[in-house]
Amino acid sequence: MAECGRKALSLLEAARSRYESLQISDDVFGESGDDSSDNPFYSTSGDSNSDNNTPESYGDERRTGEVYCSQSGPPGSLSNAQAEEEGWSDAVRDITIPSYKNTCGPTQKMLPTASVVDFFQLFVPDNVIQNMVTQTNMYAKKYQERFGNDEGWCTVTVPEMKAFLGFVISTSVHRCESVLSIWSSGFFANKSIAPKMSQARFEKILKYFHVVAFRSSHGSQGLYKIQPFLDSLQQSFSGTFHPSQTQVLHEPLIDEDPVFIAACTERDLRKRKKRKFSLWVRQCSATGFICQTILSPLQIYVHLKEGPGPDGLDTLKNKPQLHSLVAKQLCQNLSGHNAIIFTGPSITSLHLFQEFEKQEIYCCGLLSSRKSDCTGLPQSMLSNPDVPQCRGQSRTKMKGNMSLICWYNKGNFRFLTNAYPPNKQGVIIKRKSGEIPCPLAVEAFAAHLSYICKYDDKYSKYFIFHKPNKTWQQVFWLTISMAINNAYILYKMSDAYQAKHYSRAQFGERLVRELLDLDDCSPTQ
């Protein structure tokens, strides 16, 4: 028994050492503190849930997606003779990635006495709130000039606007179905903050709330009502934090209620997916900080020509070209820094990775013959071998610094990378299967994507539950939620966290009370 315990401990220490070298840190977003056992890639205990977070979670999709016709292959793929002519070879060699040219961490030091609202105002400062006040009053005036005087309306002030934001943000802390439940006598009533503003006054502000009151003269852009706010928020995301070398491009979870989603029928889920926008982010895989955001299609499609032509909206919609545009916009500030980005199947492509390499951006992505652009890749690596394989077996072809890896683990997984040497071996530690050998690129991909998945799981718990009908308001409250989560990450890396260890729930509650300017701002324990 003692020998087994020592072996398990050595495996855990080896895992810690490897993932530290891959720049995976402890969970600074969650409430686990110094205990890293909650991270499945640090744990070999029976409580580990890593089976749900490794590439095996893609298994069903991979097995259905990789049954492509082995004779023709995906569109754009190369036959064996063409692959040899293009430079693909079975001979693998070592590659070296230059060191990262940037520092990681907050760009400004916050005092130990900094309040929660100080961190929030790194992203939503007073001048932004003042603009909301101005635009709301302007919209109310124009609305009443057109539709008649509203006797119950009076000009909104900055303290009232902060309180208004606080009431809506409180739905992310207390998880009430409607912000109006605060003034009710039901289960979600909140008697501690309700006296700060009457329900009637809140509803009046909600009726006229605007960030930009009138359409700009630059065209009919779908997000014109919040575009200045989005631009300001994006500058704050980029200016307050420098991410680590390893970053992930993905679509985060933005469904408000995970419990409702679990209870939905497949038909309901299909209905919910028909949004007018989707969110893409570039996220630091060491901390979870969201560095760059793109709302698609509204922010992408407005730059495209309308119509069915080769450059038109219909051509690029839901196509790999659109995902490449998204990736390029997300990484436009990374050029020359030797950053490493991880991508999902919809973004991964040889042409995009080669273009990024010229900009000193290195990539590691999961491939899918159904979702990925397979142009220029050898068909022999995209079709499943006839001979049964053992778990952990892999095949590799190289072209320059680019490696195409096919790895078997209850299904064939394919990775395209120029960020990790194909001749270096790693291992994935799983609760049921023990150690599974794999190339280092596979280990790094699994580790970083697992961390982001864990971040998304916790992020969804603190999503603002207020559900407006208008798209621009949905986007506004979504980005406010992202700003609060980023503020909490900065808080946990500051001296203020050493003074008062607030959990994410306590941080949100404290923010609400400070926005409402309540005398007793201590969060409930």
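Residues numbered from 1 in each chain as written. Predicted model: local features only at pLDDT ≥ 70, side-chain atom pairs only at ≥ 80, totals over all residues. Heavy atoms only, no water.

Looking up the protein in an unreviewed UniProt entry gives the name PiggyBac transposable element-derived protein domain-containing protein, with the organism given as Megalops atlanticus.

Undergrad: Would you mind going over unusual backbone geometry with me for this structure?
TA: The bulk of non-glycine residues show a negative phi, and the bulk of peptide bonds are trans. Despite not being glycine, K410 shows a phi value in the positive range, around 55°. Mapping K410 onto the fold places it in the loop between β9 (402–408) and β10 (412–417). (Helix = DSSP H or I, 4+ residues; strand = E, 2+ residues; numbered from the N terminus.)

Undergrad: When you look at helix α19 (residues 504–515) in this model, what are you seeing that I'm missing?
TA: Structurally, the α-helix is built with 3.6 residues per turn, so residues lying three or four positions apart point the same way. For α19, built from twelve residues, the straight-helix expectation of 16 Å at 1.5 Å per residue is met to within 8% by its first-to-last C-alpha distance of 17 Å. Extensive coverage of α19 is indicated by the burial of eleven of its twelve residues. Buried within α19 we find R504, Q506, F507, G508, E509, R510, L511, V512, R513, E514 and L515. Close packing links the buried residues of α19 with α4 (116–120), α6 (158–174) and α17 (471–492). The first or second residue beyond α19 is D517, which carries a positive phi of 55°. (Expected span 1.5 Å × (residues − 1). Buried < 20%, exposed > 50% of the residue type's maximum accessible area, 1.4 Å probe, protein only. Contact = heavy atoms within 4.5 Å.)

Undergrad: Would you take a moment to explain the packing of aromatic side chains for this structure?
TA: The way to describe two aromatic rings as a pair is by their centre distance and the angle between their planes. Scanning all chains against the criterion turns up 29 aromatic pairs. Each ring, one from Y488 and one from Y491, has its centre 5.8 Å from the other, and the planes form 35°; the classification is tilted. Of this pair, Y488 and Y491 are both found in helix α17, three residues apart, which corresponds to roughly one turn of the helix. Through successive ring pairs, a cluster of aromatic residues spans F164, F167, W183, F202, F209, F229, W472, F476 and W477. Taking the ring centre of W153 as reference, the NZ or CZ of R201 above it sits at 5.0 Å. (Phe/Tyr/Trp six-rings, centres within 6.5 Å; stacked < 30°, edge-to-face > 60°. Lys NZ or Arg CZ within 6 Å of the ring centre and 35° of its normal.)

Undergrad: How do you make sense of the nonpolar core when you look at a structure like this?
TA: Counting 80 residues, the largest nonpolar core has F119, F123, F167, F229 and F476 as its most contacted members. Per-element accounting of this core gives the leading share, 14 residues, to α17. Those residues within four positions of F476 in sequence are excluded, and the remaining contacts are M132, L165, F209, V211, I226 and F229. Grouped together as the second largest cluster of nonpolar side chains are 30 residues, L78, V326, L352 and I361 included. (Core = buried A, V, L, I, M, F, W, Y, C linked by side-chain atoms within 4.5 Å.)

Undergrad: Is there a simple way to think about the environment of D373 in this case?
TA: In this structure, D373 sits in the loop between β7 (361–367) and α15 (379–382). Here D373 falls in the partly exposed class, since its relative accessible area comes to 26%. Residues within four places of D373 in sequence aside, it is in contact with P320, T348, S349 and L350. Side chain to side chain, D373 and T375 meet in a polar contact 2.7 Å long. (Polar contact = N/O pair within 3.5 Å; in protein donor to acceptor, adjacent residues only side chain to side chain.)

Undergrad: What is the right way to read the environment of S184 from this model?
TA: The topology assignment puts S184 in the loop between α6 and α7 (199–208). Measuring from C-alpha to C-alpha, the distance between S184 and A194 comes to 9.2 Å, with ten residues separating the pair along the chain. Every residue in contact with S184, bar those within four places of it in the chain, is listed here: A189 and K191. Reaching out from S184, the side chain makes a polar contact with the backbone oxygen of S181 at a distance of 2.7 Å.

Undergrad: What am I meant to see in the pattern of salt bridges here?
TA: Should their charged atoms come close, side chains of opposite charge can pair. Counted according to the given criterion, the structure contains eleven salt bridges. Of the charged contacts in the structure, one is a salt bridge between K162 and D126, with a shortest N-O distance of 3.2 Å. Taken as a pair, K162 in helix α6 and D126 in helix α5 (residues 126–147) lie far apart in primary sequence, 36 residues in all. For K162, a relative accessible area of 23% puts it in the partly exposed group. Accessibility expressed as a relative area gives 39% for D126, which makes it partly exposed. K204 is the partner of D150 in a salt bridge, and the nearest nitrogen-oxygen pair spans 2.8 Å. (Salt bridge = Lys/Arg side-chain N within 4 Å of Asp/Glu carboxyl O.)

Undergrad: I'm lost on the packing of α17 against α19 in this one. Help?
TA: Two quantities define a packed helix pair, namely the angle between the axes and the distance from one axis to the other. Contact geometry of α17 with α19 gives a least axis separation of 11 Å together with a crossing angle of 115°. In terms of their interaxial angle, α17 and α19 are classed as roughly perpendicular. Crossing hand, α17 versus α19: right-handed. Judged by residue contacts, I484, N485, A487, Y488 and Y491 of α17 engage R504, F507 and L511 from α19. (Axes fitted to C-alpha atoms, helices over the stretch in contact; angles between N-to-C directions. Parallel < 35°, antiparallel > 145°, perpendicular 65-115°, else oblique. Left-handed = near helix turned anticlockwise from the far one by under 90°.)

Undergrad: Can you walk me through the state of the cysteines in this structure?
TA: Two cysteines, two sulfur atoms, one covalent bond between them: this is a disulfide. Here the structure, examined in full by the defined rule, presents zero disulfides. Looking at the unpaired C364, the closest cysteine sulfur is the one in C363, lying at 8.9 Å. (Disulfide = S-S within 2.5 Å.)

Undergrad: I'm lost on the pairing of β10 in this one. Help?
TA: Regular strands have side chains that alternate between both faces of the sheet. For β10, the buried fraction is high: six of the six residues fall into the buried class. Examined bridge by bridge, β7 and β10 share four bridges and lie antiparallel to one another. Pairing of C364 across the sheet is with T417, part of β10. Across six bridges, β9 lies against β10 in antiparallel orientation. Following the sheet pairing, W407 is matched in β10 by F413. (Pairing = 2+ DSSP bridges.)

Undergrad: Please explain the side chain of T240 as it appears in this structure.
TA: Here T240 is to be found in helix α8 (residues 227–240). Among the polar contacts listed, one links the side chain of T240 to the backbone oxygen of S236, at a separation of 2.8 Å. If near-sequence neighbours (up to four positions away) are discounted, T240 is found in contact with P106, T107, L122, F123, F289 and L490.

Undergrad: Looking at this structure, I do not really get the packing of helix α13 (residues 320–330) against helix α14 (residues 350–358). What am I missing?
TA: Interaxial distance between α13 and α14 falls to 11 Å at its minimum, and their mutual angle equals 20°. When the interaxial angle is binned, α13 and α14 end up roughly parallel. Crossing of α13 over α14 shows right-handed handedness. Across the interface between the two elements, S324, A327 and K328 of α13 pack against L352, E355 and F356 of α14. Class assignment for the residues of the contact of α13 with α14 results in three nonpolar, one polar and two charged. (Nonpolar A, V, L, I, M, F, W, Y, C, P; charged D, E, K, R; others polar.)

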